[in-house]
Amino acid sequence: MLWGLVTAYYILSYPEIRWDWKTIKADKVYFPNNFMWGTATAAHQVEGNNTNNNWYNWEHQKDSNGSPRIHNKDKSGIAADHWNLYNNDIGLMNDLGVKYYRFSVEWSKIEPEKGVINKDALDHYRNVCTALIDSGLTPVVTLHHFTHPMWFENLGGFEKAENIKYFIQFSEIVFNRLSDIVPIWCTINEPAVYVSQGYFNGVFPPGKRDPTLAGYVMKNLLNAHVRVYRHLKTLPNGDAAQIGLVKNITQFDPLRRWHVLDWYLSQRLNDVFNNNTINLLTTGQFDFYLPTMADIYFKNDNAINALDFIGLNYYSRMHVKGHLSPTAPFTFELRPQDTQTDMPYAIYPEGFYRAVKNISKLNVPIIITENGIADDKDDRRKLFIERYLYALYKSILDGYDVRGYFYWSLIDNFEWAEGYMMKFGLYEVDFITQERKLRPGSHAFSKIVNQPGADKRGYIVSIGEKAPELLLEYTDGRKIHLSDFRGKIVVLQFTASWCSVCIQEMPHLEKDVWQRFKDDGLILIGIDRDEPLEVVQKFQKKVGTTYPIALDPGAKHFSKFAHKNSGVTRNIVIDKNGKIVFLTRLFDKEEFQNMIDKIEFLIKQ
Ligand code: FCB
């Protein structure tokens, strides 16, 4: 009985979000003008010749049964030879139309021995950054992406708090060399993945299976992030640099929604994998509790707000099945109804939206630092890209502060324990000839990157900006400033009597927006472009709308929002703080419906 109630509580509190993909036009997405589009890689996965780090060692080891550590006995080796071919690869980025590139610097190349700096390696990364900038791209640097030098690993790596200082020293050296030309920095990539794979599942180096140690390594990694963040901020360019942590979110959902054990364990896994990092950075408190396995708590007030942005990596969710076993209380299972990728991740765009919502609790701008699909046959990539980007677009419409998206990955690469079998690249790499070829499914990405954004369609304002001030004069002679409506949701409709699309749209504005929301305090104002009072009055009568209309002599209001010679039929939704939150152009039924959903969402807030 009690279990039943607990399960019912879970089911009601965490309803399964499912969107009706048959009715969604997933390629109709309009991202803001200044949205940061990019691709991502990591040093060890693409550069080649990393022979002095924890992964090199791992690739050359066997497990206790004599089996190789990496699928198919693969070794990273020369990888995609990105170390030498970076100029070519920058060309590939230009072909896609992206303007940002996230990559990591290889600590073991920069500091091959403790305290010994290889100047050439540092210069190499500076050359990469300069080449990017010369090609119109902005570099985004990750300081730790799963690999570090052997000497650091031999000292105990992040198992020991006293080793954090070495990572800080290394970070300072890189920052001093590059911070005048690199505006965005990621400290550590996915602490929770590093820990779960290296210390819980034992499939990444150092291959341990020790939940308590996993908790301590997590503590040290997060404290390392906090200390590096605080330290870099004190250096020259530190203030201007955007410095953040990269957080993988993977939701843990119950395999059997009616089963209390599946729910309970899913929640604990969400806590240790996802929520405790968010808690630490917002409250300074950290809990790592897994029943019968680990129970660690610490407090670090310095962690509160120790980031300028959060990098979100999102791929999919896991389905958890509970067992009454103290040694193996849960397993992860695939569901037959899901479309799988080549990794054990189902295609789950709704989860991307959930992840953005969850990470937004940090209250800092969100950059999607990784998202992509392993798809050797290239028969799911297009669908993946369109649906995940639709989910992201929807999250922006709903007010989440997402600033950019980096596709994982630019090129095929060494996918850690899975070796070269996983094909994440937008470009396929022939690892013998080092030739790169754009996969057909990747066109979906460049199409969205290059299509006009919501605010490229003649708009000069962007979503997220403050609406300009206007002194509006209604047809009945009343005068009012736009700013007088602060605290209310305002829709401005730009229209004209000669505009047939406007005439088509106006009855819908009347019925679905004005009549529906006016009693909730919504302000809707038509603004008629450059026509005399009598014409506007006649026009209003003819279309039969009852919401107020203001005059716009010389299109002076219009030209504060859009290029003067661009067309009317535009709606601008402004939130209670005077911020532009939605822009429409022409009368597209789906976009119009999205606007209504947005208004409804704002009213309910
Ligand atoms: C992430 C890693 C990245 C890549 C993708 C597929 O967890 O950060 O290096 O392996 O998964």
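Parameters at a glance
Residues numbered from 1 in each chain as written. Predicted model: local features only at pLDDT ≥ 70, side-chain atom pairs only at ≥ 80, totals over all residues. Heavy atoms only, no water. Helix = DSSP H or I, 4+ residues; strand = E, 2+ residues; numbered from the N terminus. Polar contact = N/O pair within 3.5 Å; in protein donor to acceptor, adjacent residues only side chain to side chain. Contact = heavy atoms within 4.5 Å. Near = heavy atom within 4 Å. Areas by Shrake-Rupley, 256 points an atom, 1.4 Å probe, with all protein chains shown as cover. Nonpolar A, V, L, I, M, F, W, Y, C, P; charged D, E, K, R; others polar. Buried < 20%, exposed > 50% of the residue type's maximum accessible area, 1.4 Å probe, protein only. Pairing = 2+ DSSP bridges. Axes fitted to C-alpha atoms, helices over the stretch in contact; angles between N-to-C directions. Parallel < 35°, antiparallel > 145°, perpendicular 65-115°, else oblique. Left-handed = near helix turned anticlockwise from the far one by under 90°. Patch = residues over 30% accessible without salt bridge, like charges linked within 9 Å, V, L, I, M, F, W, Y side chains within 5 Å. Salt bridge = Lys/Arg side-chain N within 4 Å of Asp/Glu carboxyl O. Lys, Arg positive; Asp, Glu negative; His and termini not counted. Charge placed at Lys NZ, Arg CZ, Asp CG, Glu CD. Disulfide = S-S within 2.5 Å. Phe/Tyr/Trp six-rings, centres within 6.5 Å; stacked < 30°, edge-to-face > 60°. Lys NZ or Arg CZ within 6 Å of the ring centre and 35° of its normal.

This brings us to the side chain of Thr250. Among the secondary structure elements, Thr250 is positioned in strand E5 (residues 242-254). A polar side-chain atom of Thr250 sits 2.7 Å from a polar atom in the side chain of Asn248. With residues near it in sequence (within four places) discarded, Thr250 still touches Asn270, Phe273, Asn274, Ser316, Arg317 and Met318.

In this fold, Ser566 is placed in the loop between strand E18 (549-552) and strand E19 (570-574). Distance from Ser566 to Tyr459, taken between C-alpha atoms, is 8.4 Å for residues 107 residues apart in sequence. Contact partners of Ser566, with chain neighbours within four places excluded, come to Gly458, Arg529 and Phe558. A polar atom in the side chain of Ser566 sits 3.1 Å from the side chain of Arg570.

Right, let's talk about the site of the ligand for a bit. Taken together, Gln45, His145, Phe146, Asn189, Glu190, Asn313, Tyr315, Glu370, Trp408, Glu415, Trp416 and Phe424 form the complete shell of residues around the ligand. In the model, an oxygen atom of the ligand is placed 2.7 Å from a nitrogen or oxygen of the His145 side chain. The side chain of Glu370 places a nitrogen or oxygen atom 2.9 Å from an oxygen atom of the ligand. For the ligand, whose free accessible area comes to 290 Å², the fraction covered by protein is 96%. In the shell around the ligand, the residues fall into 5 nonpolar, 4 polar and 3 charged.

The subject of this paragraph is the pairing of strand E1 (residues 36-40). In terms of burial, E1 is a largely internal element, 5 of the 5 residues being buried. Covered by surrounding structure in E1 are Met36, Gly38 and Ala40 together with Trp37 and Thr39, the residues of both alternating faces. By the bridge criterion, 5 bridges tie E1 to strand E11 (residues 402-408) in an arrangement that is parallel. By the bridge assignment for E11, Met36 is matched with Gly404. Summarising the sheet, E1 and strand E2 (residues 100-104) pair through 3 bridges and their orientation is parallel. Across the sheet, residue Thr39 finds its bridge partner in E2, namely Tyr101.

Moving on to the packing of helix H4 (residues 82-96) against helix H6 (residues 119-134). At their nearest, the axes of H4 and H6 sit 10 Å apart, and the two run at 15° to each other. In terms of their interaxial angle, H4 and H6 are classed as roughly parallel. Here H4 and H6 pass one another in a crossing that is right-handed. Between H4 and H6, the residues in contact are Trp83, Tyr86, Asn87, Ile90 and Met93 and Ala121, His124, Tyr125, Asn127, Val128, Ala131 and Leu132, respectively.

A few words on the sheet that holds strand E15 (residues 479-481). Spatial strand order, E15-E14-E18-E17-E16-E19-E20: 7 strands in an open sheet with mixed pairing. The open sheet has two edge strands with one neighbour each: E15 and strand E20 (580-585). Within this sheet the neighbouring strands show an average axis-to-axis angle of 30°, counted without direction. As judged from the 3 bridges shared by strand E14 (residues 471-474) and E15, these two strands associate in the antiparallel manner. Counterpart to Glu473 in the pairing with E15 is Lys479.

Right, let's get into the side chain of Thr277. One can find Thr277 in helix H11 (residues 260-283). Judged by its relative accessible area of 3%, Thr277 is buried. Dropping the residues within four chain positions of it, Thr277 is found in contact with Met218, Leu222, Leu245 and Lys247.

Judged by side-chain charge, Asp376, Glu428, Asp430 and Glu435 come together as a negatively charged surface patch. Along the chain, the position of Asp430 falls in strand E12 (residues 427-430). Residue classification places Asp430 among the partly exposed residues on the basis of a relative accessible area of 35%.

Another aspect to go through is the state of the cysteines. Tallying each qualifying case throughout the model produces 1 disulfide. In this model Cys499 forms its disulfide with Cys502; the gap between the sulfur atoms is 2.3 Å. Note on the Cys499 and Cys502 pair: the S-S dihedral is about 85°, so by sign convention the disulfide is right-handed. Both residues of the pair, Cys499 and Cys502, count as buried. This cysteine, Cys186, is not joined by any disulfide, and Cys129 carries the nearest cysteine sulfur, 13 Å off. By relative accessible area, Cys186 is classed as buried at 0%.

Applying the stated rule across the entire model yields 54 aromatic pairs. Aromatic pair Trp55 and Phe204: ring centres 4.9 Å apart, planes at 75°, arrangement edge-to-face. Of this pair, Trp55 sits in helix H3 (residues 54-59) while Phe204 sits in the loop between helix H9 (191-200) and helix H10 (211-234); the two residues are 149 residues apart in sequence, bridging distant segments of the chain. Each member of the pair, Trp55 as well as Phe204, carries the same accessibility label: buried. Centroid distance Phe286 to Phe298: 4.7 Å. Interplanar angle 35°. Geometry classified as tilted. Of this pair, Phe286 sits in strand E6 (residues 285-290) while Phe298 sits in strand E7 (residues 294-299); the two residues are 12 residues apart in sequence, bridging distant segments of the chain. Residues Phe286 and Phe298 agree in their burial class; the two are buried. An aromatic cluster of at least three residues, connected via ring pairs, comprises Phe31, Phe35, Trp37, Tyr393, Tyr405, Tyr407 and Phe445. The cationic tip of Arg317 hangs over the ring face of Tyr348; the distance from NZ or CZ to the ring centre is 3.6 Å. When the ring centre of Tyr459 is taken as reference, the NZ or CZ atom of Arg570 above it lies at 4.5 Å.

Treat this as a map of the structure, not an account of what it does.
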